[in-house]
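Overview (structure and organization)
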Amino acid sequence: MDTDPIRTVSPRNWPRPRGYANGMLVPAGRQLLFVAGMVGWDETEKVVPGPFVTQFEQALRNVVAVVEEAHGHTNDIVRMLIFVTDKAEYIAQRAEVGDAWRRVMGRHFPAMALVEVKGLIESGAMVEIEAVAAIEPPRAAH
């Protein structure tokens, strides 16, 4: 039996958010997966070289890899917390960030927040992304 779909929630009289959801309503019966902060590193744990957007896209891909390992999909991600070391750089590359987002996440926009921090634990990292996914449990075999 499939669970009900995840729904976005926003007060009726508010403008439609762009690039995020105000809220995500998770129906009963889903498993919650909490994804640790993922930086833009490759499978050898080396931070990828390049501009901010390159690290951003890799960090997103790392989040999705963890979700997929738990048999989830990008649409199961209900919350993201994005930490950046330079908010101005994020804003300056917003169009490229949007392109990277669509390559990895499509047009799925969970509830999100962006926080500028002084630094991240991984040397050279410019972005770190935490996530929560609400994944349908595996079906019982008959």
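Predicted model only: the values in this text are computed from it and were never measured. Counting of residues starts from 1 at the beginning of each chain's written sequence and follows it residue by residue. Residue-level local features of this predicted model are given only where pLDDT is at least 70; pairs of side-chain atoms are given and counted only at 80 or more, and the full residue set underlies all totals for whole chains, interfaces and linings. Just so you know, side-chain values use all the structure's heavy atoms and leave hydrogens and water out.

Notes on the overall build of the chain
For helices the rule is a DSSP run of H or I covering at least 4 residues; for strands it is a run of E covering at least 2, with both sets numbered from the N terminus onward. Regarding its fold elements, the chain presents 3 helices and 6 strands. When the helices and strands of the chain are read in sequence order from the N terminus, they spell out β-β-β-α-β-α-α-β-β. Relative to a compact globule of 142 residues, whose C-alpha radius of gyration would be 14 Å, the chain shows 16 Å and is just as compact. Counting only C-alpha atoms and orienting by the principal axes, one finds that the chain spans roughly 50 × 45 × 25 Å. Throughout, exposure labels follow a simple rule: accessible area from a 1.4 Å probe, protein chains only, divided by the maximum for the residue type, with under 20% read as buried, over 50% as exposed, and the rest as partly exposed. By the burial criterion, 40% of the 142 residues in the chain qualify as buried. Relative to all contacts within the chain whose residues are 6 or more apart in sequence, the contacts with residues 24 or more apart total 78%. Element-wise, carbon and sulfur atoms account for 52% of the exposed surface of the chain, whose accessible area totals about 8,900 Å². In the chain, 15 positive and 18 negative side-chain charges are present, and the distance between their average locations comes to 10 Å. Each radius of gyration is computed over the set of C-alpha atoms, and the globule rule expresses the reference value as 2.2 Å times the number of residues to the power 0.38. Here, two residues are considered to be in contact whenever any of their heavy atoms come within 4.5 Å of each other. Only the protein chains shown count as cover for residues, with accessible areas throughout obtained via the Shrake-Rupley method and a probe of 1.4 Å. We count Lys and Arg on the positive side and Asp and Glu on the negative side, and we leave His and both chain ends out. All charge positions are set by atom: Lys at NZ, Arg at CZ, Asp at CG, Glu at CD.

Details of the sheet that holds strand S6 (residues 127-135)
Two strands make a pair as long as DSSP finds a minimum of two bridges between them. Strand order in this open sheet of 4 strands is S3-S6-S4-S5, and the pairing throughout is mixed. Each end of this open sheet is capped by a strand with a single partner; those strands are strand S3 (31-39) and strand S5 (111-116). Direction aside, the axes of adjacent strands within the sheet are offset by 10° on average. Pairing analysis gives 7 bridges linking S3 to S6, with the strands arranged antiparallel. To get an axis, a line is fitted to the C-alpha atoms, and for a helix only the part in contact is used. The angle between two axes follows their N-to-C directions and goes from 0 to 180 degrees.

A short note on unusual backbone geometry
Note on backbone geometry: most residues besides glycine have negative phi, and most peptide bonds are trans. Positioned with a positive phi, Glu45 is a non-glycine residue whose angle comes to about 65°. Its location among the elements puts Glu45 in the loop between S3 and helix H1 (52-69). One non-glycine residue, His71, adopts positive backbone phi at about 70°. You can see His71 is positioned in the loop between H1 and strand S4 (77-84).

Regarding helix H3 (residues 94-105)
Between its terminal C-alpha atoms H3 stretches 15 Å, which fits the 16 Å expected from 12 residues at 1.5 Å a residue. Considered for burial, the residues of H3 that qualify are Val97, Gly98, Ala100, Trp101, Val104 and Met105. Along H3, the residues classed as buried sweep out an arc of 165° about the axis, all on the same side. Residues of H3 that are exposed and point more than 90 degrees away from the buried face comprise Ala95 and Arg103. A helix's residues, less one, multiplied by 1.5 Å, set its expected span. Here the arc refers to the set of directions running from the helix axis out to each C-beta atom.

Considerations on H1
With 18 residues, H1 ought to run about 26 Å at 1.5 Å a step, and its terminal C-alpha atoms sit 26 Å apart, in line with that. Residues of H1 that are buried: Phe52, Val53, Gln55, Phe56, Glu57, Ala59, Leu60, Asn62, Val63, Val64 and Val67. Tucked into the core, H1 has its buried residues touching S3, S4, helix H2 (87-92), H3 and S6. In the stretch just after H1, His71 is the one whose phi turns positive, near 70°.

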